[in-house]
Amino acid sequence: MRTVGVEEELLLVDPQSGRPRAVAGQVLRHSGQDVGEAGGGSIGHELQQEQLETDTAPHTSMDDLRKELCGWRARADRAARAGGARALASGTSPVHVDTHLVRDERFVEIEERYGLTVHEQLTCACHVHVAVDSDDEAVGAMDRIRVWLPVLLALSSNSPFWQGEDTRYASFRWQALSRWPTSGPTDLHGTAAAYRRHVEALLATEVLIDEGMVYADARPSHTYPTLEIRVADVCWDVGDAVMVAALCRALVDTAAEEWRAEVAPSPAATAMVRMATWQASREGIGGRLLDPETFRPRPAAEVVRSLLDHVRPALERNGDRDLVEEQVAAVLERGTGADRQRRVLARTGSYVDVVADLARATTTS
């Protein structure tokens, strides 16, 4: 059974005003002093001082993955409280924020090259690493999952607000990320060698600082023997994050089996996959998504069920079918994090209350 690891990016917010605070360094110092057990992963800084990132160890058991995710969220929040803040699982800040770059040499170089795009990049994702047996398997799987990734974005959507305004998107995080030169869906590559040539061509343009800036929705990791699926927002609910992780593993299992059997991937143009991802970012599960085969609009719930049908054999082999189907049903009934954020705003009229609700949910879900 393939192992799965999850990286979660979390905001650091003031508990009274709800505004993100530039306290990552202070929080990480407190985290190092925290003797509570979180698991075998790590916690560290990200691009901005208003956020941090946790990552889990690789797991085969979704129950074990959930326990570690809960452990890291609790540890991050304890450390944040010691620094006068709270940890928050939201793809973007609901309230206004002025960002402060972590003064890492690489980040400073990125800031010098990309300017305002960097200062307006306070976004939080859920990155899922699924183990692969080879670079060719990673690329073969990547080619075959690309048309399904918009559905993962829809299910995880948790960033409806930006700088104190409703964006009309379920995942404005994906919209903000689209400003980077390599973001979004990937082309078909066929082999690891072809993908390597693609990356080398990107680097040869000197537009990118390094290979880490290949910010595609999915990519073979340049650090671990995994396929890294990067399309999802960080989820307000740990159960949703585990659901996304299990679906990612099932997608890779299904795609790798097709690759070994020489089943051709969908020939869909990258422009159409981008269109489907844009639609998922806009609608979440509350409207219509584009069908991964026809690229015609269908009710979101129908497209989600098509994804479940596609990966059901893999879910069954992994022992994840009940977990995923129950959590998907819950999401379809109560909505995503974006829906929850909007309900709180409609009820209270306060973005600060949205932040307070998210802070509670981050460590209690």
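Right above here is the structure, for reference.
So, here's what we can say about the structure. Everything numeric in this text was worked out from a predicted model, so none of it was measured. Starting from 1, residues in each chain are numbered consecutively following that chain's sequence as written. Residues qualify for local features only when their pLDDT is at least 70, as the model is predicted, and side-chain atom pairs are given and counted only at 80 or more; totals for whole chains, interfaces and linings, by contrast, use all residues. Note: side-chain values were computed over all heavy atoms of the structure, leaving out hydrogens and water.

Moving on: the pairing of strand S5 (residues 125–131). The buried label applies to any residue whose accessible area, calculated with a 1.4 Å probe on protein chains only, is under 20% of its type's maximum; exposed applies above 50%, and partly exposed to all values in between. Put simply, DSSP marks the helices as runs of H or I at least four residues long and the strands as runs of E at least two long, and each gets a number from the N terminus on. Of all seven residues in S5, seven are buried, a share of seventy percent or more. Here S5 shows two buried faces, one formed by Ala125, His127, His129 and Ala131 and the other by Cys126, Val128 and Val130. Two strands qualify as a pair provided that DSSP identifies no fewer than 2 bridges between them. Where S5 and strand S9 (residues 226–233) come together, six bridges link them in antiparallel fashion. Bridging across to S9, His129 finds its partner in Glu228.

Axis definition: a line fitted to C-alpha atoms, over the contacting stretch in the case of helices. Angles run 0 to 180 degrees between N-to-C directions. It is at 8 Å that the axes of helix H13 (residues 337–348) and helix H14 (residues 351–364) come closest, and there the two elements cross at 135°. In this view, H13 runs oblique relative to H14, as classed from their interaxial angle. Crossing handedness for the pair H13 and H14: right-handed. Between H13, through Arg340, Gln341, Val344, Leu345 and Thr348, and H14, the contact on the second element is made entirely by Tyr351, Asp353, Val354, Asp357, Leu358 and Ala361. In what follows, roughly perpendicular refers to angles from 65 to 115 degrees, roughly parallel to angles under 35, roughly antiparallel to angles over 145, and oblique to any angle outside these ranges. Here a crossing is called left-handed whenever its near helix is offset anticlockwise from the far helix by less than a right angle, and right-handed whenever the offset is clockwise. Note on definitions: a residue-residue contact is assigned when non-hydrogen atoms from the two residues lie within 4.5 Å.

Here we come to H14. Here the expected span of a helix is defined as 1.5 Å times the quantity of residues minus one. Spanning 14 residues, H14 covers 20 Å between terminal C-alpha atoms, matching the ideal 20 Å at 1.5 Å per step. Among all positions of H14, only Val354, Val355, Asp357, Leu358, Ala359, Ala361 and Thr362 are buried. On its buried face, H14 is in contact with strand S1 (4–13), helix H2 (62–82), strand S4 (86–88), strand S6 (161–162) and H13. Polar contact is the term for a pair of N or O atoms within 3.5 Å; when the atoms are in protein, one must be able to donate a hydrogen and the other to accept it, and sequence-neighboring residues count only if both atoms are side-chain atoms. The N-cap residue of H14 is Ser350: its side-chain oxygen and the backbone nitrogen of Val352 are 3.2 Å apart.

Further remarks concern the layout of surface pockets. When its volume is computed, the largest pocket comes out at roughly 1100 Å³. Taken together, 47 residues line the largest pocket, and the ones lying closest to its centre are Glu7, Glu46, Glu53, His127 and Arg230. Of all the secondary-structure elements, those providing two or more residues to the lining of the largest pocket are S1, strand S2 (42–45), strand S3 (51–55), helix H3 (105–114), S5, helix H7 (172–177) and S9. The dominant element in the lining of the largest pocket, judged by the number of residues it contributes, is S1, at five residues. Residues were grouped as follows: Ala, Val, Leu, Ile, Met, Phe, Trp, Tyr, Cys and Pro as nonpolar; Asp, Glu, Lys and Arg as charged; and all remaining residues, including Gly, as polar. Tallied by class, residues from the lining of the largest pocket come to 17 nonpolar, 19 polar and 11 charged. Definitions used for this entry: grid spacing 1 Å over protein atoms alone; cavity, a set of points where a 1.4 Å probe fits but cannot get out; pocket, an open set with protein on both sides within 12 Å along at least 5 of 7 lines; lining residue, one with an atom within 4 Å of a point. Grid points are joined across faces, edges and corners, and a volume is the space filled by probe spheres set on the points. The volume enclosed by the second largest pocket comes to roughly 230 Å³.

The subject of this paragraph is the packing of aromatic side chains. Aromatic contacts are taken between Phe, Tyr and Trp rings whose centres are within 6.5 Å, Trp giving its six-membered ring; a plane angle under 30 degrees counts as stacked, one over 60 as edge-to-face, and the others as tilted. Using the criterion set out here, one finds six aromatic pairs in the structure. Ring geometry for Tyr169 and Trp278: centres 5.8 Å apart, planes at 85°, overall edge-to-face. Here the residue Tyr169 occupies a position in the loop between strand S7 (165–166) and H7, and Trp278 occupies one in helix H10 (residues 270–283), the gap between them amounting to 109 residues. The buried category is assigned to Tyr169, whose relative accessible area is 17%. In this structure Trp278 comes out as partly exposed when scored by relative accessible area, which is 33%. Connected via pairs of aromatic rings, a cluster forms that spans Trp162, Tyr169, Phe172 and Trp278. Directly above the aromatic system of Tyr169 lies the positively charged group of Arg282, at a separation of 5.9 Å from the ring centroid. Here, over-ring charges are defined by two tests on the NZ atom of lysine or the CZ atom of arginine: distance to the ring centre within 6 Å, and angle to the ring normal within 35 degrees.

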